[in-house]
Amino acid sequence: MNMMSEAAVEKALDQKMTTVPYKMIGKDVSVYYGDKRALFDVNLNVRENTVTALIGPSGCGKSTFLRTLNRMNDTIDNCRVTGKITLDDGDIYDAKIDVVELRARVGMVFQKPNPFPKSIYENVTYGPKIHGLARAKAELDQIVEQSLQKAGLWNEVKDRLHEPGTGLSGGQQQRLCIARAVAVSPEVILMDEPCSALDPIATAKVEELIHELRTNFTIVIVTHSMQQAARVSQRTAMFHLGNLVEENDTDKMFTNPDDQRTQDYIMGRFG
Amino acid sequence: MTEITASAPATFTRPAQARRDIGIKKRYRAERRFRAYGMAAILTGLFFLFVLLWTVISNGYTAFLQTTITLPIEFSEQVIDPKNERADNPAKLMTANYPLLVRDALIKALNIDPSNRALVKQATDMVSASARTQLRDIVVNNQSVIGTTQNVALLAEGNIDSANKGQIDLNVAEANRKVKDTQLGWMKTLTETGAMTKNFNTGLFTFGASSRPEAAGIGVAAVGSLYMMLIVLVLSLPIGVCASIYLEEFAPKNKLTDLIEVNINNLAAVPSIVYGLLGLAVFINFAGMPRSAALVGGLVLTLMTLPTIIIATRAALKAVPPSIRSAALGLGASKMQTIFHHVLPLAMPGVLTGTIIGLAHALGETAPLLLIGMVAFVVDYPGSPMEPSTALPVQIYMWANEAERAFVERTSGAIMILLVFLVLMNLGAILLRRRFERRW
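*Asks:* What is the right way to look at the overall build of chain B in this model?
*Replies:* From N to C terminus, chain B includes 19 helices and three strands. For chain B, the spread of C-alpha atoms along the principal axes amounts to about 125 × 60 × 35 Å. When each of the 440 residues of chain B is scored for burial, the buried share is 42%. Surface accessibility of chain B: about 24,300 Å² in total, with carbon and sulfur atoms responsible for 63%. In chain B, which carries 40 positive and 30 negative side-chain charges, the distance between the mean positions of the two groups comes to 15 Å.

*Asks:* I would appreciate a short explanation of the sheet that holds strand 2 (residues 149-155) of chain B in the present structure.
*Replies:* What links the strands of a sheet is backbone hydrogen bonding, and the strands pair in either a parallel or an antiparallel sense. Residue and element names in this part refer to chain B. The three strands are arranged 2-1-3 in an open sheet whose pairing can be described as antiparallel. Looking along the sheet, the strands with just one partner apiece sit at the ends: strand 2 and strand 3 (196-200). Pairwise comparison of adjacent strand axes, ignoring direction, gives a mean angle of 40° for this sheet. In this structure, strand 1 (residues 65-74) lies alongside strand 3, joined through five bridges in antiparallel fashion. Paired with Ile-69 across the two strands is Met-196, which belongs to strand 3.

*Asks:* Honestly, the pairing of strand 9 (residues 235-240) of chain A in this entry has me stumped. Any pointers?
*Replies:* Residues and elements named next belong to chain A. Extensive coverage of strand 9 is indicated by the burial of six of its six residues. Both faces of strand 9 are covered, namely the face carrying Arg-235, Ala-237 and Phe-239 and the face carrying Thr-236, Met-238 and His-240. Pairing analysis gives six bridges linking strand 9 to strand 10 (residues 243-249), with the strands arranged antiparallel. Along strand 10, the bridge assignment pairs Arg-235 with Asp-249. From the end of strand 9 to the start of strand 10, which pair antiparallel, there are two residues, and Leu-241 there has a positive phi angle of about 50°.

*Asks:* Teacher, can you tell me more about the side chain of A:Thr68 here?
*Replies:* Counting through the fold element by element, A:Thr68 comes out in helix 2 (residues 62-68). Contacts of A:Thr68, omitting those with residues within four sequence positions, involve A:Val29, A:Val31, A:Asn73, A:Val81, A:Ile85, A:Ile92 and A:Tyr93.

*Asks:* What's the story with the packing of aromatic side chains in this structure? I'm lost.
*Replies:* The way to describe two aromatic rings as a pair is by their centre distance and the angle between their planes. What the rule picks out here adds up to seven aromatic pairs over all chains. Seen in terms of ring centroids, A:Phe65 and A:Phe239 are 5.8 Å apart; in terms of plane orientation they differ by 40°. Their pairing is tilted. In this pair, A:Phe65 sits in helix 2 while A:Phe239 sits in strand 9, placing the two residues 174 residues apart along the sequence. Across the pair, A:Phe239 and A:Phe65 agree in class, each one buried. On the basis of an interplanar angle of 15° and a centroid distance of 6.4 Å, the ring pair of B:Phe50 and B:Trp54 is categorised as stacked. Residue B:Phe50 and its partner B:Trp54 are both found in helix 2 (residues 24-60); the two are separated by four residues, about one turn of the helix. Looking at B:Phe50, the relative accessible area reads 54%, which means it is exposed. Overall, the relative accessible area of 56% leaves B:Trp54 in the exposed class. Three or more aromatic residues joined by ring pairs form one cluster here, namely B:Phe64, B:Phe200 and B:Phe205. Across the ring face of A:Tyr32, the terminal group of A:Arg80 is positioned such that the distance to the ring centre comes to 4.3 Å. In this structure, A:Arg180 packs its charged tip against the face of A:Phe116, placed 4.5 Å from the ring centre.

*Asks:* Explain a positive patch on the surface to me, please; I cannot follow it from the model alone.
*Replies:* Positive charge collects at one region of the surface, where B:Lys25, B:Lys26, B:Arg29, B:Arg32 and B:Arg33 lie side by side. With respect to the element layout, B:Arg29 can be found in helix 2.

*Asks:* Just checking my understanding: could you explain the interface of chain B and chain A for this structure?
*Replies:* Accessible area lost when the parts come together is the quantity often used to give the size of an interface. Across the boundary between the two partners, chain B contributes 18 residues, which contact 21 residues of chain A. Summed over both sides, the interface between chain B and chain A buries roughly 1,600 Å², with carbon and sulfur atoms accounting for 65% of that surface. Summed over the shared surface of chain B and chain A, the number is zero salt bridges. Linking chain B with chain A are five residue pairs in polar contact (both at pLDDT 80 or more).

*Asks:* Which parts of the structure should I look at to understand the packing of helix 7 (residues 170-182) of chain A against helix 8 (residues 200-213) of chain A?
*Replies:* A pair of packed helices is characterised by two quantities: the angle between their axes and the separation of those axes. Residue and element names in this part refer to chain A. As a packed pair, helix 7 and helix 8 sit with axes 9 Å apart at the nearest point and diverge in direction by 20°. The pairing of helix 7 with helix 8 is recorded here as roughly parallel in orientation. Handedness of the helix 7/helix 8 crossing: right-handed. When helix 7 is examined against helix 8, the residues Gly-171, Arg-175, Ile-178 and Val-182 are found in contact with a partner set consisting of Ala-202, Lys-205, Val-206, Leu-209 and Leu-213. Within the contact of helix 7 with helix 8, the residues separate by chemical class into six nonpolar, one polar and two charged.

*Asks:* Looking at this model, I keep getting lost on the domain arrangement of chain B. Mind explaining?
*Replies:* Residues and elements named next belong to chain B. By domain assignment, chain B separates into domain 1 (61-201) and domain 2 (219-436). The C-alpha centroid of domain 2 is placed 45 Å from the C-alpha centroid of domain 1. Between domain 1 and domain 2, the contact holds eleven residues from the first and seven residues from the second. The three residues of domain 1 that bury the most area against domain 2 are Ala-63, Phe-64 and Gln-167, which together make up 52% of that side's buried surface. Applying the counting rule to domain 1 against domain 2 returns one salt bridge. Across the salt bridge formed by Glu-409 and Lys-165, the nearest N and O atoms sit 2.7 Å from each other. Where domain 1 touches domain 2, the interface holds four residue pairs in polar contact (both at pLDDT 80 or more).

*Asks:* Can you help me understand the sheet that holds strand 9 of chain A in this one?
*Replies:* All names here are of chain A. The six strands lie next to each other as 6-7-8-3-9-10, forming an open sheet whose pairing is mixed. Only two strands of the sheet have a single partner each, and these edge strands are strand 6 (106-109) and strand 10. Neighbouring strand axes in the sheet, compared pairwise and without regard to direction, differ in orientation by 20° on average. Of the strands in this sheet, strand 6 and strand 7 (188-192) touch helix 7, which is tilted by about 170° from strand 6.

*Asks:* How should the pairing of strand 3 (residues 51-55) of chain A be read in this particular structure?
*Replies:* Walk down a regular strand and you will see the side chains alternate between the two sheet faces. Residue and element names in this part refer to chain A. Of all the five residues making up strand 3, five are buried; the element is thus mostly covered by neighbouring parts of the structure. Here strand 3 shows no split at all, with Val-51, Ala-53 and Ile-55 on one side and Thr-52 and Leu-54 on the other all buried. The pairing of strand 3 with strand 9 spans four bridges and is parallel. Residue pairing across strands places Leu-54 opposite Ala-237, the latter belonging to strand 9.

*Asks:* Honestly, the nonpolar core in this entry has me stumped. Any pointers?
*Replies:* For soluble globular proteins, the rule of thumb is that nonpolar side chains tend to be buried together. Counting residues in each nonpolar core, the largest one holds 43 residues, and the members touching the most others are A:Leu148, A:Leu161, A:Ile178, A:Met191, A:Ile210, A:Leu213 and A:Ile219. Ranked by size, the runner-up nonpolar core spans 41 residues in total, among them B:Tyr227, B:Val232, B:Val296 and B:Met374.

About the thresholds
- Residues numbered from 1 in each chain as written.
- Chains lettered and ligands numbered in written order.
- Predicted model: local features only at pLDDT ≥ 70, side-chain atom pairs only at ≥ 80, totals over all residues.
- Heavy atoms only, no water.
- Helix = DSSP H or I, 4+ residues; strand = E, 2+ residues; numbered from the N terminus.
- Buried < 20%, exposed > 50% of the residue type's maximum accessible area, 1.4 Å probe, protein only.
- Areas by Shrake-Rupley, 256 points an atom, 1.4 Å probe, with all protein chains shown as cover.
- Lys, Arg positive; Asp, Glu negative; His and termini not counted.
- Charge placed at Lys NZ, Arg CZ, Asp CG, Glu CD.
- Pairing = 2+ DSSP bridges.
- Axes fitted to C-alpha atoms, helices over the stretch in contact; angles between N-to-C directions.
- Contact = heavy atoms within 4.5 Å.
- Phe/Tyr/Trp six-rings, centres within 6.5 Å; stacked < 30°, edge-to-face > 60°.
- Lys NZ or Arg CZ within 6 Å of the ring centre and 35° of its normal.
- Patch = residues over 30% accessible without salt bridge, like charges linked within 9 Å, V, L, I, M, F, W, Y side chains within 5 Å.
- Salt bridge = Lys/Arg side-chain N within 4 Å of Asp/Glu carboxyl O.
- Buried area = accessible area lost by both parts, 1.4 Å probe.
- Polar contact = N/O pair within 3.5 Å; in protein donor to acceptor, adjacent residues only side chain to side chain.
- Parallel < 35°, antiparallel > 145°, perpendicular 65-115°, else oblique.
- Left-handed = near helix turned anticlockwise from the far one by under 90°.
- Nonpolar A, V, L, I, M, F, W, Y, C, P; charged D, E, K, R; others polar.
- Domains from an automatic or database assignment.
- Core = buried A, V, L, I, M, F, W, Y, C linked by side-chain atoms within 4.5 Å.

Following this line, the structure appears as structure tokens:
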């Protein structure tokens, strides 16, 4: 019964995608690396509790856009971002915004699994510790269990929480990284090709996980695999040469795209 | 499908072209030749290393043994304190005629006619002049020995020690020899009675500088070196690590930082004697610090070690994968948290290795110390880094200038001790690297 209703809710969500409120709004976003312009006035909005997939050929700017959403581009020396990006109506590039707080609200999972060379437990508790979410051991224990459960890793690692996170398999490491991101209770999770270093079975697990995470988090995922975009996302945005070509419901995007270039890319004519 | 299979043979049946001679045999020969060059290079290196170690060890192992002559010394009150005034005037004990005690003991032990001055002189020459201080210390520390007879192991004089170790050529005519035939005869009797023995040379590790080889040791120099190493460690590790972290992680990449980087790399290649001049000019002439002090030596060696540590630390920081930084930053860690929680701990093995190699380098450094007055004849242990002291390699340098056979073996012995220290430090560096090395 519960399952039914959940499925029903999901279906309703899928059908009425256009009515879901926006979580993040990007307006005229341009990114420059020195003199080179990498993004051209991108207008792209991210809907709440939705998986938004960013697709496009290599070097099209999809990862660059993703990294503007939690200001990871700030760490690149000569990178400059113009335009406006808001998170729940707050400008994230506002001088008053603390990037530490922003990244606590907008978490990130990277292409290559990158657990810290510490224990599984320490990997998960690092975020909560630096953000002051928990101090007591009991609280931390609870966060670790919840996060690992959300990442579908609890049953596999609960007996070896104090072994190094780097000793896990690639897929487990990536789910550990997701658990680490989840542990600070972000609102948005950015994923930069999270499955590109994983085998098909691990990929399937992570995709399933993304599907589940959607109920609690807003997810933006960059992927090279169009099948993956079709499987996990409700909205898809297609980038080409730094421009946003098309943004649409995933179903429509992969059956009847508005733009010829999307059609060509999906059909494998370029990219 | 059939088309493909049909056309496939066609591609292989095109007119056979003569294959160009690419000289396979020549290629193999070239490879074998190159391997031979490599082997030759390594064997040359090993040969010279072996020669070095062989020379040092064959010359130096005897330095760890010292000949002593155990004599029953009669601490006669007549000689030490004839007027019995030691209670009022303890300084009297310091100036007493202790060599007379040794002379009397020798005359008795060797059965010499006391009136034959030449013979008595030859006998007393067999015992080190350091016997005076040795006996004095015994008496001053324990006045109750006065009036008794004690067996005391006196150091044999350097040439007698050498002769006892078989290092003096007995085919040389007696007139040209440091050790006379009578003395050789006495040595034989003393050895037979068990008075003359070869023991482990603890003095080599505890004595300070001395013009008599048998009383010279590296103890004082080792303390000076220890002070300097502590100063170098305490100063260069934090300064070096902070400088590298700033340059590597925080400094903007521009012309100025490029210039600084080039200069640091060049500083590592600056001849060490130049640092000595710098230390002389800045620390002694300008800042007015004392000459010959371990403090100044430590500061100079710190300057010399800094580039090594900075280069090693920067390389270690660079080697930490960027994914770790991204992970921490992505979680909302600040730049400093990222560096101190994740990057620096991962770079630590490299930092420590660089530091230990730098310290080992500083430990063996002589040239800059020459310029700041540490080539000094220091007899007493320095109580603080401000007091005059000398260093291990400087002690070796000074001994190498001495002509006596016993100093030759001590030079090599001290080199062996220094090498052992260096090997231990390098071993420590390797173990630390192994212990803390992480894979990701």
